[in-house]
Amino acid sequence: MTDAKVIPFGDDEGRPRAASTDRGARPRHRPSAGGRDPRRGGPPLSSVPEQRSEADALPPGRDAEQQGPGRQETGRQEPGQGGLLGRVLGDAWDARAARGLAFLRRRLTGEYEVDEFGYDEELTDQVLMSLLRPVYEKYFRVEVRGLEHIPSAGAALVVANHSGTLPLDGLMLQVAVHDHHPAQRRLRLLGADLVFSLPVVNEVARKAGHTLACAEDAQALLTRGEVVGVMPEGFKGLGKPFADRYRLQRFGRGGFVATALRTGAPIVPCSIVGAEEIYPMVGNSRTLARLFGLPYFPLTPTFPWLGALGAVPLPTKWTIQFGEPLATDAYAPEAAEDPMLMFQLTDQVRETIQHTLYKLLVRRRSVFF
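Cut-off values and rules
Within each chain, residues carry numbers counting from 1 in the order of the written sequence. Local features in a predicted model are, by the rule used here, given only for residues with pLDDT of at least 70; side-chain atom pairs are given and counted only at 80 or more, and totals for whole chains, interfaces and linings are based on all residues. Think of the side-chain values as coming from all heavy atoms in the structure, minus any hydrogens and water. Throughout this description, the term salt bridge denotes a Lys or Arg side-chain nitrogen within 4 Å of a carboxyl oxygen of Asp or Glu. Helix and strand assignments come from DSSP, with helices taken as H or I runs of at least 4 residues and strands as E runs of at least 2, each series counted from the N terminus. Here the term buried applies to any residue with accessible area under 20% of the maximum for its type, exposed to any over 50%, and partly exposed to those in between, with areas from a 1.4 Å probe on protein chains only. Exposure above 30% relative accessible area and the lack of any salt bridge qualify a residue for a patch; like charges then connect within 9 Å, and the nonpolar side chains Val, Leu, Ile, Met, Phe, Trp and Tyr within 5 Å. Areas reported here follow the Shrake-Rupley algorithm with a probe of radius 1.4 Å; residue values treat only the protein chains shown as occluding. To qualify as a nonpolar core, a set must consist of buried Ala, Val, Leu, Ile, Met, Phe, Trp, Tyr and Cys residues joined through side-chain atoms within 4.5 Å. Should any heavy atoms of two residues lie within 4.5 Å, those residues are considered in contact. Only protein atoms enter the 1 Å grid used here. Points where a 1.4 Å probe fits but cannot escape make up a cavity, open sets with protein on both sides within 12 Å along at least five of seven lines make up a pocket, and a residue lines them when an atom lies within 4 Å of a point. Grid points are joined across faces, edges and corners, and a volume is the space filled by probe spheres set on the points. The nonpolar class holds Ala, Val, Leu, Ile, Met, Phe, Trp, Tyr, Cys and Pro. Asp, Glu, Lys and Arg form the charged class, and all remaining residues, Gly among them, are polar.

- As named in an unreviewed UniProt entry, the protein chain is Glycerol acyltransferase, taken from Streptomyces cacaoi.

And the structure:
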């Protein structure tokens, strides 16, 4: 007997109807229940189980195209069952791969935007933050407090202490604001001239949203309503010896206060504990510093004695504390020309940061835990 061809239309009872492949064949006779097949003389048909095709077993309305003799049902893949790639990369690996390919296409075709300072928001979010986040969360295990003191909208000037021989504290500060602020604010850091004179570092810093630490750039960013970060100690704080750890150096001439007064942006003091111990600077080779054109050449217990291995920072435990903002909108813009007022506000911000550092150090149980 030839195989039946399934016609994708049901009869009156909703059951698919089988048709012979021979167009001239007569309709087959189906005897009544309890009778014998007159053509074969076999037993009563009531004693033989009725043979139903796979199409007959389907409920009415089921698509019959997936059924048929010798045809295997492929089935629909459930979420989370993506085979080996799904188990290794996670359930949404295909979506992440699609976003990654779209990102690469935009980079290759130039379909991305940067502002007048060179800030590439997409590259920062997708690449730079992804590289810094494991260091922030797993290596330094940063604990951040007081982010609610940074306004959800509008300009703000974050003023923080600077330490650690290399400016990793600024990068961790940027990750803290980027990942944990309720309004997902972006921190635009002001950097020293040396940062923007190095070939590769200059381009990466610009892409990450950093700009030169000058009054013009800072005022332009604050006028646009950005959150700007500044570390007034500069290289004096970054390259101070280990014996002077957590002792704030001079805050320059108070230029950050003048910028805040001109724009009316609040000043948010920030204290960072943990960065002082990542590279314990026990000495400074001034000869090598002049040779390489650096403000200092650090000598630590591991660098340069262990070579590149000595450049790996120690895995200290960090705490970043944002304090209550100091409002400046009550002053007229002309107040930025008053040296006594600038000195007073600068000293107030510095004392707030220093006092908070002392409190955090008293609470700290261990440098590494």
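Still more ground to cover, so stick around.
## Structural notes on the pattern of salt bridges
Phase 1 of the analysis: Per the counting criterion, the structure on display carries 19 salt bridges.
Phase 2 of the analysis: For the salt bridge of Asp179 with Arg133, the shortest nitrogen-to-oxygen distance reads 2.6 Å. Placement of Asp179 in helix α4 (residues 168-180) and of Arg133 in helix α3 (residues 121-139) is noted, with a sequence separation of 46 residues between them.
Phase 3 of the analysis: Asp179 sits in the partly exposed class, given a relative accessible area of 25%.

## With respect to a nonpolar patch on the surface
Phase 1 of the analysis: A cluster of nonpolar side chains, Leu288, Leu291, Phe292 and Leu294, forms an exposed patch at the surface whose accessible area comes to about 380 Å².
Phase 2 of the analysis: Mapping Phe292 onto the fold places it in helix α9 (residues 286-292).
Phase 3 of the analysis: The exposed category is assigned to Phe292, whose relative accessible area is 52%.

## Things to note about the nonpolar core
Phase 1 of the analysis: Among the nonpolar cores identified, the biggest contains 31 residues, and Leu157, Val159, Phe256, Leu261, Ile267, Val349 and Ile353 are the most heavily contacted of them.
Phase 2 of the analysis: Put simply, the parts of the chain that give this core at least two residues each are β4 (156-160), α6 (215-223), β7 (227-230), α8 (255-263), β8 (267-273) and α10 (339-363).
Phase 3 of the analysis: A total of seven residues in this core trace back to one element, the largest contributor, which is α10.
Phase 4 of the analysis: Apart from the residues within four sequence positions on either side, Val159 is in contact with Val230, Pro232, Phe251, Phe256, Ile267, Val268, Pro269, Cys270, Val349 and Ile353.

## Side note on empty space enclosed by the protein
Phase 1 of the analysis: Counting across every chain of the model gives two cavities of 30 Å³ or more.
Phase 2 of the analysis: By volume, the largest cavity amounts to about 60 Å³.
Phase 3 of the analysis: Taken together, 13 residues make up the lining of the largest cavity; nearest its centre are Thr165, Lys240, Glu276, Tyr279 and Met281.
Phase 4 of the analysis: The class makeup of the residues in the lining of the largest cavity is six nonpolar, four polar and three charged.
Phase 5 of the analysis: Approximately 30 Å³ is the volume attributed to the second largest cavity.
Phase 6 of the analysis: Lining the second largest cavity are Tyr119, Thr124, Gln174, His178, Arg186, Leu187, Arg188 and Ala208.
Phase 7 of the analysis: Elements that contribute at least two residues to the lining of the second largest cavity include exactly α4 and β5 (187-191).
Phase 8 of the analysis: Tallied by class, the residues present in the lining of the second largest cavity amount to three nonpolar, three polar and two charged.

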